[in-house]
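# Geometric and topological summary
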Amino acid sequence: MKRVAHGFILVSLATSTMLFGADLSKVKEKIQNIDFIKNVGFVVKDVKEAGDVYAINASHPRSPKVVLFVPKDLNTVIIGQGFKANGEPIDFPINMEQYKKDAIYTIGKGKVEYYLFTDPECPYCQKFEQMSDKLKDDIKIHVLFFPLDFHKDAQQMCKFILNQKGNEARAKAMHDIASGKDDYKKLKLSADENSKYQEIIDKNLKIGREIGVNGTPAVYDSTGKPMQWPELLKK
């Protein structure tokens, strides 16, 4: 009988305990076939060894990113965040560089790169935008859209920004909206333009959900590690 637990797990990880050469494809298949995982609808995307347990990167129809832990006897499923003994979260790095091509615009000229998922109508995103000028010399931020359903003007704002020509013009349009300007209300698009911009927004939303965005502003470093945006302003 498989047991299910919710919570967090603390494990001590040393390089010597990580069997990097092990073929985990068969383990992945066995974990996917655990009754609970299969019946609940989890899809196992990646598996790695974490001491005496397997750490599993999974998805679910209601949550695109879920971390599970399964002891090596495969008799228990633990849902929740895991930590190394030093307090560092156990997670699965994401190569965020693959999403550069999907960024709406980029600000800054620093060598350290971050990825921002933003909603132009979100008051916290607007606050971040108003303060972002102080970051431009130190870091580079690739901006993607993540308009929230309950912000009625967010989609229109996104399309207004997309309708601007060039990186600088789009960045300025976002800054203007954050500063209270409402030129977006005058936006007139053809059916083809509206469809094209909606496709871009939908793709940004899909990317955000896949990496676990559930609110805005959401900032990630180049490995997909989430950052607290007020901390970013202190850099």
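For the structure, see preceding data.
Each value, and the rule that gives it
- Residues numbered from 1 in each chain as written.
- Predicted model: local features only at pLDDT ≥ 70, side-chain atom pairs only at ≥ 80, totals over all residues.
- Heavy atoms only, no water.
- Helix = DSSP H or I, 4+ residues; strand = E, 2+ residues; numbered from the N terminus.
- Buried < 20%, exposed > 50% of the residue type's maximum accessible area, 1.4 Å probe, protein only.
- Contact = heavy atoms within 4.5 Å.
- Pairing = 2+ DSSP bridges.
- Salt bridge = Lys/Arg side-chain N within 4 Å of Asp/Glu carboxyl O.
- Axes fitted to C-alpha atoms, helices over the stretch in contact; angles between N-to-C directions.
- Polar contact = N/O pair within 3.5 Å; in protein donor to acceptor, adjacent residues only side chain to side chain.
- Core = buried A, V, L, I, M, F, W, Y, C linked by side-chain atoms within 4.5 Å.

### Some points on the overall build of the chain
When its secondary structure is counted, the chain shows seven helices and twelve strands. With 235 residues in all, the chain has 44% of them scored as buried. By sequence separation, contacts in the chain at least 24 residues apart represent 68% of the contacts at least 6 residues apart.

### Brief notes about the pairing of strand β3 (residues 43–50)
Bridge count between β3 and strand β4 (residues 53–60): seven bridges; the pairing is antiparallel. Paired with E49 across the strands is Y54, a residue of β4. A loop of two residues connects β3 with β4, the two strands running antiparallel in sequence, and G51 in this loop sits at a positive phi of about 65°.

### Considerations on the pattern of salt bridges
Pairs may arise between side chains of opposite charge once their charged atoms sit close together. Enumeration according to the criterion identifies twelve salt bridges in this entry. The closest approach of N and O atoms between K109 and D137, which form a salt bridge, is 3.8 Å. Taken together, the residues K109 in the loop between β8 (105–107) and β9 (112–118) and D137 in the loop between α3 (123–131) and β10 (139–145) connect sequence positions 28 residues apart. The pair formed by K109 and D137 is uniform in burial state, with each residue classed as exposed. Between K206 and E210 there is a salt bridge whose closest N-O contact spans 2.6 Å. With K206 and E210 both in helix α6 (residues 191–211) and four residues apart, this pair spans about one turn of that helix. Judged by relative accessible area, E210 falls into the partly exposed class, the value being 34%.

### Comments concerning the sheet that holds β10
Pairing in this open sheet of five strands is mixed, and the strands run β8-β10-β9-β11-β12 from one edge to the other. The sheet is open, and its two edges are formed by β8 and β12 (226–227), each paired on a single side. In this sheet, strand β11 (residues 218–221) lies alongside β9 in antiparallel orientation, the contact comprising four bridges. Its bridge partner lying in β11, F117 is registered against A218. The sheet contacts of α6 involve β9, β10 and β11, and relative to β10 the element is tilted by about 110°.

### A few points about unusual backbone geometry
That bond from T216 to P217 is cis: its omega, -5°, falls within 30 degrees of zero. By the element assignment, P217 lies in the loop between α6 and β11. Here L74, not a glycine, exhibits a phi torsion of approximately 60°, which is positive. Turning to its location among the elements, L74 is positioned in the loop between β5 (63–71) and β6 (76–79). What makes L74 buried here is its relative accessible area of 17%.

### A word on the side chain of N204
Relative to the elements of secondary structure, N204 occurs in helix α6. According to the relative accessible area criterion, N204 is buried, its value standing at 1%. Side-chain polar atoms of N204 contact the backbone nitrogen of F145, separated by 2.8 Å. When neighbours within four sequence positions are excluded, N204 is seen to be in contact with D102, I104, F117, L144, F145 and F146.

### Points about the environment of K127
Within the fold, K127 resides in helix α3. For K127, a relative accessible area of 45% puts it in the partly exposed group.

### A short note on the nonpolar core
Formed by 41 residues in total, the largest nonpolar core has its most connected members in M96, Y105, F117, I141, I161 and I211. Those elements that provide at least two residues to this core are β8, β9, β10, α4 (154–162), α5 (167–178), α6, β11 and α7 (229–232). The residues contacting I141, other than those within four sequence positions of it, are Y105, T106, I107, Y114, L116, F128 and L135. Listed in part, the 17 residues of the second largest apolar core include V27, I37, F42 and Y54.

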